[in-house]
Amino acid sequence: MSNILAIAHRELRSYFVSPIAYVVVGLFALLYGYFYVASLAFMVQFSSQAGMFGGGPQTVNVNEFMIRPLLSNTAIILLFILPFLTARAYAEEKRSGTIELLLTSPLSDMEIILGKFFGAFALFLLMLAVTAVHMGILFWYGEPELGSILTGYLGLALMGGSFIALGLLVSSATRNQVVAGVGTFSLLLLFWVLSWMSDSAGPTAGAILSYLSILEHFDDFSKGVIDTAHVTYYLSFIAFGLFLTAKSVDSERWRG
Amino acid sequence: MIEVQHVTKRYGPVAAVDDVSFRVEAGQILGFLGPNGAGKTTTMRVLTGYLPPTEGTATIAGFDVLEEPIEVKRRTGYLPESPPLYPDMTVREYLTFIARINRLPAAERPSRIDRVMERTSVGDVADRHCSKLSKGYRQRVGLAQAILHNPDVLILDEPTAGLDPKQIIETRELIKELAGDHTIILSTHILPEVAQTCERVVIINKGRVVAEDSPDNLTGRLHGAVTIQLQVDTLGADPTGTLQAVPGVASVNVGEPGSDGRTVEVQSAQDVDVRRDIANAVVSNGWGLLEMRRARLSLEEIFLQLTTAEDEAGEETSAPDEETEEPAPATESADE
Ligand SMILES: Nc1ncnc2c1ncn2[C@@H]1O[C@H](COP(=O)(O)OP(=O)(O)OP(=O)(O)O)[C@@H](O)[C@H]1O
Ligand SMILES: [Mg+2]
């Protein structure tokens, strides 16, 4: 455990001494801010229209009109941004030779992988924390349901964790950060596209495709529903990704 | 302490290390000597558990590197060929990280780090980022990293590469100091380094061990032909003929006469001690014998002999008669 913490701590602080953390968090805040303002404007407009046709502005459901689309958009932003957080995890260690230090220190492969995972995950949680401030402001406008917001965040955390696990796996297979980042992004895009294809595919194939799609599983969370099937999906995805990363690190060792 | 048995490491069809065996007793310093691409780094990577061997076994302190890697790594400090520093950390932060992953208790870390920084003289760059260090300092921080957790075994891949002469001497002293309670393997291209610091030498070439002995024995053992250096005052005469006539002398090489007589090099045939007869010959001519000593082959020459005579050595091994380390090439060169 202390080994995992040592690695995670080193990862986290190296994010902050390089420009990566600032670029990624900054970009995220920018895109998120845009979607926030856009959906806020949409909601305000909608609520004033609703007011004109009877009923009052207070009848507008903040959760439905504001938070749900915002959460879905956040999921897409993460798909674009997280790959660049994990790209360096292994690739950079291999390029600079520090991997030789880690692999000859009294650490198990899994400790190293978990350390890197939690390091990136901590930075990701920090990004989410930025958005919590915006969410707080919504409590002034209306009465959003706290429970469903928290559920949405749980979903984001699980989905982000899956993106990070996949990113580590890809990073462990190359010594080039750019290849790792673009590779992870392409794979995530593929998983996203699967959900579109599932709409047009036949019933069985469609079900399989939508099951595989990482984003599809997020829908219920954004509606404020916790379904254990989705939680299990994400946790299995993370576990499997980290397991494959361990395999990849080990096979690299045998290949030399 | 360290035992390597029939270790082979192949990259595809190429054997980087081929059936290498040797052992190092506790507290010894073993020098690992070989030309570029000989397989030194590869062997060290096998020992540190970085690379699994294709065949054979290696154990450190009784733990197999494949079976119990964590136990091995806990007891081993490793300085890789290029020091594995994190560019974005300061030297002190880096060493603190090393201390953490080696499970040094938090209370001991600062004093231990200070002590190691002092021993490797990196104290003056303690708060500088590793990316800003010169090659020599990188090397020294790498060494500090290797000895920080006070491991039983130190594996140092070219520890003096890139250091200035003063630092080389200090690093060698440090390594010798460490030898008492650590077992050390170091690799190098620098031959005097082996002679000065190591108790045993393994010479490796093209992945194979070509010789293993103490530096003294190595130089002694290859004496097929003995070279004797004389300083004689011949009163203007040419001593070549006289010395050539001494039984057992293979060749004579006479230098220019100087204020202190002339330097003469006499090569004897194999295993004949000609010193008495030479002294007699000089004295009976009425010349002054100012100095006489046996010149030993330098490690440098041995190294070259062993590593360039590889192909011939391969043929010799297949020959049925005994396989001594007194190679024919030594006698041949004496005839020239
Ligand atoms: N990852 C690798 N893939 C393929 N071949 C390799 C690899 N690493 C080393 N080799 C080969 O293995 C052989 C031994 O290399 P090694 O690095 O062990 O030599 P060395 O004795 O350390 O040399 P040097 O003095 O230059 O450091 C070389 O022929 C090298 O080309
Ligand atoms: Mg080497």
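The structure displayed is predicted, hence computed values, not measured ones.

Participant: Any chance you could break down the overall build of chain B for me, citing the residues and the numbers?
Facilitator: When helices and strands are counted, chain B shows 13 helices and 14 strands. Counting across all 336 residues of chain B, residues that qualify as buried make up 50%. Here the contacts in chain B between residues at least 6 apart in sequence split such that 68% fall between residues at least 24 apart. Carbon and sulfur atoms provide 47% of the accessible area of chain B, an area that totals close to 15100 Å².

Participant: Lay out the overall build of chain A with the relevant residues and their values.
Facilitator: Assigned secondary structure in chain A consists of 12 helices and 0 strands. The order of α-helices and β-strands along chain A, N terminus first, is α-α-α-α-α-α-α-α-α-α-α-α. Considering only C-alpha atoms, chain A reaches an extent of 70 × 45 × 30 Å along its principal axes. In chain A, which comprises 256 residues, the proportion classed as buried is 53%. A sequence separation of at least 24 residues applies to 77% of the contacts in chain A between residues at least 6 apart. Of the roughly 11400 Å² of accessible surface on chain A, 71% is carried by carbon and sulfur atoms. Charge separation in chain A, taken as the distance between the mean sites of 12 positive and 16 negative side-chain charges, equals 12 Å.

Participant: So what about the site of ligand 1? Which residues, and what values?
Facilitator: Taken together, 14 residues sit near ligand 1, with K40, T41, T42, E81 and H189 of chain B positioned nearest. Lying at an intersection of chains, ligand 1 is approached by residues of chains A and B. Take E158 of chain B: an N or O atom from its side chain is 3.5 Å from an oxygen atom of ligand 1. Contact with the protein chains hides 64% of the accessible area of ligand 1, taken as 640 Å² for the molecule alone. Broken down by element, the shell around ligand 1 gets its largest block of residues, 3 residues, from helix 1 (residues 40-47) of chain B.

Participant: Describe the interface of chain B and chain A, with residues and values.
Facilitator: Contact residues are listed per partner, giving 29 residues for chain B and 28 residues for chain A. The largest contributions to the chain B side of the interface with chain A come from Y50, Y86 and I101 of chain B, which together make up 25% of the buried area. Taken together, chain B and chain A are joined by 3 salt bridges. Among the salt bridges present, the one from R13 of chain A reaches E93 of chain B, with a minimum N-O distance of 3.0 Å. Our count for the chain B to chain A interface comes out at 8 residue pairs in polar contact (both at pLDDT 80 or more).

Participant: Tell me what's going on with the nonpolar core, and back it up with residues and numbers.
Facilitator: Of all hydrophobic cores here, the largest spans 140 residues; its most connected members are M159 of chain A together with F22 and Y94 of chain B. With residues up to four places along the chain from it excluded, the contact list for M159 of chain A reads A75, L78, I214, L215, F218 and Y234 of chain A. Core analysis: the second largest hydrophobic core is formed by 14 residues, L243, A281, V282 and W287 of chain B among them.

Participant: Let's hear about the confidence of the model for chain A: which residues, and what values?
Facilitator: Per-chain confidence: chain A averages 85 in pLDDT, with 93% of residues scoring 70 or above. Predicted confidence in chain A is weakest over helix 10 (residues 203-212) of chain A, with a mean pLDDT of 73, and strongest over helix 6 (residues 98-103) of chain A, with 94.

Participant: I'd like a rundown of helix 1 of chain B, residues and numbers included.
Facilitator: Residue and element names in this part refer to chain B. With respect to burial, helix 1 is a largely interior element, 7 of its 8 residues being buried. For helix 1, the set of buried residues is K40, T41, T42, T43, M44, V46 and L47. Phi turns positive one or two residues past the end of helix 1, at G49, with a value near 80°.

Participant: Account for the packing of aromatic side chains, naming residues and giving values.
Facilitator: Tallying each qualifying case throughout the model produces 16 aromatic pairs over all chains. Aromatic side chains Y34 of chain A and F35 of chain A sit 5.4 Å apart centroid to centroid with 70° between the ring planes, which places their arrangement in the edge-to-face category. Using a relative accessible area of 26% as the deciding quantity, one classes F35 of chain A as partly exposed. Chaining the aromatic ring pairs together yields one cluster made of F191, F221, Y233, Y234 and F237 of chain A. Here the guanidinium or amino end of R140 of chain B rests over the ring plane of Y137 of chain B, the centre of that ring lying 4.1 Å away.

Participant: Break down the coordination of the magnesium ion (ligand 2) for me, citing the residues and quoting the values.
Facilitator: The reference angle at a metal is 109.5 degrees if four donors form a tetrahedron and 90 or 180 degrees if six donors form an octahedron. Residue and element names in this part refer to chain B. Here the magnesium ion (ligand 2) is held by the protein donor atoms T41 (OG1) and E81 (OE), which lie 1.9 to 2.3 Å from it. Within this pair, whereas T41 is found in helix 1, its partner E81 is found in the loop between strand 6 (76-79) and helix 3 (91-101), the two being separated by 40 residues in sequence. Residue class for T41 comes out buried when judged on its relative accessible area of 15%. Given a relative accessible area of 39%, E81 falls into the partly exposed group.

Participant: Describe the sheet that holds strand 5 (residues 63-64) of chain B, with residues and values.
Facilitator: Residue and element names in this part refer to chain B. Spatial strand order, 2-1-4-5: 4 strands in an open sheet with antiparallel pairing. On the outer flanks of this sheet lie strand 2 (14-24) and strand 5, each paired with one strand and no other. As defined by bridge partners, strand 4 (residues 55-60) adjoins strand 5 across 2 bridges and the pair is classed as antiparallel. Bridge pairing in strand 5 links T59 to D64.

Participant: I'd like to hear about the side chain of S222 of chain A, residue by residue, with values.
Facilitator: Residues and elements named next belong to chain A. Mapped onto the fold, S222 is located in helix 11 (residues 219-222). Taking the relative accessible area as the measure of exposure, S222 reaches 7% and is therefore buried. Discounting residues that sit within four places of it in the chain, S222 has contacts with R68, L71 and S72.

Participant: Tell me about the environment of Y22 of chain A, and please be specific about residues and values.
Facilitator: All names here are of chain A. Turning to its location among the elements, Y22 is positioned in helix 2 (residues 19-52). With relative accessibility at 53%, the residue Y22 sits in the exposed group. Among residues more than four places away in sequence, those in contact with Y22 are F16 and L27.

Participant: A description of unusual backbone geometry should follow, citing residues and the corresponding values.
Facilitator: All names here are of chain B. Despite not being glycine, R103 shows a phi value in the positive range, around 60°. In this structure, R103 sits in the loop between helix 3 and helix 4 (109-119). Even without being glycine, K206 reaches a positive phi, approximately 50°. Considering the arrangement of structural elements, one finds K206 in the loop between strand 9 (200-205) and strand 10 (208-213). For K206, a relative accessible area of 53% puts it in the exposed group.

Participant: With reference to specific residues and values, describe the pattern of salt bridges.
Facilitator: Residues and elements named next belong to chain B. All chains considered together, the criterion is met by 23 salt bridges over all chains. Between R92 and D127 there is a salt bridge whose closest N-O contact spans 3.8 Å. Residue R92 is found in helix 3, and its partner D127 is found in the loop between helix 4 and helix 5 (135-147); the two are separated by 35 residues along the sequence. On the basis of relative accessibility, which here comes to 33%, the residue R92 falls in the partly exposed class. Judged by its relative accessible area of 61%, D127 is exposed.

What counts as what
Residues numbered from 1 in each chain as written. Chains lettered and ligands numbered in written order. Predicted model: local features only at pLDDT ≥ 70, side-chain atom pairs only at ≥ 80, totals over all residues. Heavy atoms only, no water. Helix = DSSP H or I, 4+ residues; strand = E, 2+ residues; numbered from the N terminus. Buried < 20%, exposed > 50% of the residue type's maximum accessible area, 1.4 Å probe, protein only. Contact = heavy atoms within 4.5 Å. Areas by Shrake-Rupley, 256 points an atom, 1.4 Å probe, with all protein chains shown as cover. Lys, Arg positive; Asp, Glu negative; His and termini not counted. Charge placed at Lys NZ, Arg CZ, Asp CG, Glu CD. Near = heavy atom within 4 Å. Polar contact = N/O pair within 3.5 Å; in protein donor to acceptor, adjacent residues only side chain to side chain. Buried area = accessible area lost by both parts, 1.4 Å probe. Salt bridge = Lys/Arg side-chain N within 4 Å of Asp/Glu carboxyl O. Core = buried A, V, L, I, M, F, W, Y, C linked by side-chain atoms within 4.5 Å. pLDDT = per-residue confidence, 0-100. Phe/Tyr/Trp six-rings, centres within 6.5 Å; stacked < 30°, edge-to-face > 60°. Lys NZ or Arg CZ within 6 Å of the ring centre and 35° of its normal. Donors = N, O, S within 2.8 Å, 3.2 Å for Na, K, Ca; no water. Pairing = 2+ DSSP bridges.

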